[in-house]
Amino acid sequence: MATVQLNQLKKVYDKDVVAIKGADVTINDKEFVVLVGPSGCGKSTLLRMIAGLEEISGGDLMIDGDRVNDLSPKDRDIAMVFQNYALYPHMTVFENMAFGLKLRKYPKAEIKARVEEAAGFLGLTEYLERRPKEMSGGQRQRVAIGRALVRQPKVFLFDEPLSNLDAKLRVQMRIEIKRLHQQLQATMIYVTHDQIEAMTMGDKIVVLKDGVVQQVDSPMNLFNNPSNKFVAGFIGSPSMNFLNGTIEQGNELKFVAGSVSFGIPNELQLREKLSPFVGKPVTFGFRPEYLYDKSTERQVQLSVDMNITIDVTEPIGSEAFNYFHFAGMEDQTYCFRSSSANQYQSGQKVEVGIDINRLRFFDGETEARIA
C-alpha cells in the first residue's frame, strides 16, 4: 500500500476563495484516516485533491515519496468510492465492477478472477447479473466498494459513502468497511460529517474547520484532549458543555460564572496554567459523561457541589440524557448522562459534581485549550 503526505496543501478558487489553507497531514501505510468537520469545511475538497479531481493551488502531495501534484487521476493508483455510488444503471454488477479493468485492457481471465474474488469477499456473488436498480442501497454501496477493490490500488478514498443509507444500514456498513480495512491492511482515507462515524472507524482523525486543520489525533485523544474549543464541541455526542466565566484569585484560585463557582484543586498542574488568566475571560468545558449526581457517585473524585435544575430527560435505553440549567442561568441549557436507573423529573433540583481530572479550560479570546 502507500504513505500519503500533505505538505502545506492549498486550494484557491476564483476570486481568491481559499478552500484549503495549508494542510499538513501524514497518512501512514495501512492507516485508516478520517477527515471530519461541518459542511463546507473543505474535507471533500481535500479528498478530491488527493484523487486528482481538483487542481492543487499550492504545496505538495506525496504518495510513497513521489510528488503527484501534476499526475492525472488514473496515474495516481488511487480508487475512490463516491457518495452517490456512481454506478452505470444499464450495466450488471459484474460489468460495473469490471469496467475500470476493461478500460486498462486487463486480460478477460484476470478481470473475471478479480471480480469474482471481490464479489465473494463482499457477499455479492449471487448478484453479479443484476442491475443496480434491482438492488438495495447497501448492496449498491458494496458494488461501488467492489469496483474500487478490483483495482487493487495503493490508496482507497471514500467520500461520505454512507450518507444516503438509513441509520441501521449505516452501522452495518461501518462495520463492513472497517472489517475490509483490517483484512486488506490497506491505506484508506474516509470523509464524513458524522463525528460518531469518525470516532468509531478511524485510526486517526483529521478535524477541519473553514479549510484549516484543527487537530490530527487518535479518536480518544481528540475526545479527552481537544486542542481548542471547536474540536471539543465537535467531537462527542452529546457535545461538550461550555460555560463562559473568569478566573479569580482570592483565598484560592477559582472559576466563576454566574451562580457557578468552584476552586481549582491544589494537586492539579492546571492551577499553574490558569494563574496567568486571573481576571481574564475563559471558557470552562465539561463533557456530559463526566458530570455526576453527588448523592449516588462514590468512585470518582468530584468538584464542589453545583446546583442544577432538570429541564428535560431523554431516556435512550440503558442511559438517559438529562438537560438542565444552573440557578439564575435559565437561558442556557446543558447536558449530563446518567444511568436510566436514576430517573429525574422536570423541575427536580440535583447537586452535581465534575470529575476533577476532566476539567477543561479554553482561552476566552483565542479559544485554544489551556492545557
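Located above this text is the structure these notes cover.
Given the structure is predicted, the values throughout are model-derived calculations rather than measurements.

Chemist: For the overall build of the protein chain, give the residues involved together with the corresponding values.
Modeler: Counting its secondary structure elements, the protein chain contains nine helices and 21 strands. Its C-alpha atoms give the protein chain principal-axis dimensions of about 80 × 45 × 35 Å. When each of the 371 residues of the protein chain is scored for burial, the buried share is 50%. Within the protein chain, residue pairs in contact and separated by at least 24 positions form 66% of the contacts whose partners lie at least 6 positions apart. When the accessible surface of the protein chain is totalled, it reaches about 17500 Å², and 46% of it is carbon and sulfur. Here the protein chain contributes 44 positive and 47 negative side-chain charges, whose respective centroids are spaced 6 Å apart.

Chemist: Can you explain the environment of Met201? Please cite residues and give values.
Modeler: Within the element layout of this structure, Met201 appears in helix α6 (residues 195-201). On the accessibility criterion, Met201 (1% relative accessible area) is buried. Between the alpha carbons of Met201 and Pro219 there is a distance of 9.0 Å; along the sequence they are 18 residues apart. Excluding its chain neighbours within four sequence positions, the residues that come into contact with Met201 are Phe32, Val34, Arg174, Ile177, Lys178 and Tyr190.

Chemist: Give a detailed account of the packing of helix α4 (residues 137-149) against helix α5 (residues 167-184), specifying residues and quantitative values.
Modeler: Where α4 contacts α5, the two axes come as close as 11 Å, and the packing angle between them is 20°. Of the possible angle classes, the one that applies to α4 and α5 is roughly parallel. Viewed along their axes, α4 and α5 form a crossing whose handedness is right-handed. The residues of α5 that touch α4, namely those facing Gly137, Gly138, Gln141, Arg142, Ile145 and Leu149, are Leu169, Gln172, Met173, Glu176, Ile177, Leu180 and Leu184. The residue inventory of the contact of α4 with α5, partitioned by class, reads seven nonpolar, four polar and two charged.

Chemist: Could you give an account of the sheet that holds strand β4 (residues 58-63), naming the residues involved and the relevant values?
Modeler: Taken in spatial order, the four strands line up as β2-β1-β4-β5 in an open sheet, and their pairing is antiparallel. In this open sheet, the two edge strands, each paired with only one partner strand, are β2 (17-27) and β5 (66-67). Relative to β4, strand β1 (residues 4-13) runs antiparallel, the two sharing five bridges. Paired with Asn7 across the strands is Asp60, a residue of β4. Contacts between helix α1 (residues 43-51) and the sheet are confined to β1, β2 and β4, with β1 contributing the most and set at about 115° to the helix.

Chemist: How would you summarise α4 if you had to cite specific residues and measurements?
Modeler: Under the 1.5 Å per step criterion, the end-to-end length of α4 is 18 Å for 13 residues, consistent within 8% with the ideal 18 Å. Most of α4 sits out of view: 12 of its 13 residues are buried.

Definitions and cut-offs
- Residues numbered from 1 in each chain as written.
- Predicted model: local features only at pLDDT ≥ 70, side-chain atom pairs only at ≥ 80, totals over all residues.
- Heavy atoms only, no water.
- Helix = DSSP H or I, 4+ residues; strand = E, 2+ residues; numbered from the N terminus.
- Buried < 20%, exposed > 50% of the residue type's maximum accessible area, 1.4 Å probe, protein only.
- Contact = heavy atoms within 4.5 Å.
- Areas by Shrake-Rupley, 256 points an atom, 1.4 Å probe, with all protein chains shown as cover.
- Lys, Arg positive; Asp, Glu negative; His and termini not counted.
- Charge placed at Lys NZ, Arg CZ, Asp CG, Glu CD.
- Axes fitted to C-alpha atoms, helices over the stretch in contact; angles between N-to-C directions.
- Parallel < 35°, antiparallel > 145°, perpendicular 65-115°, else oblique.
- Left-handed = near helix turned anticlockwise from the far one by under 90°.
- Nonpolar A, V, L, I, M, F, W, Y, C, P; charged D, E, K, R; others polar.
- Pairing = 2+ DSSP bridges.
- Expected span 1.5 Å × (residues − 1).

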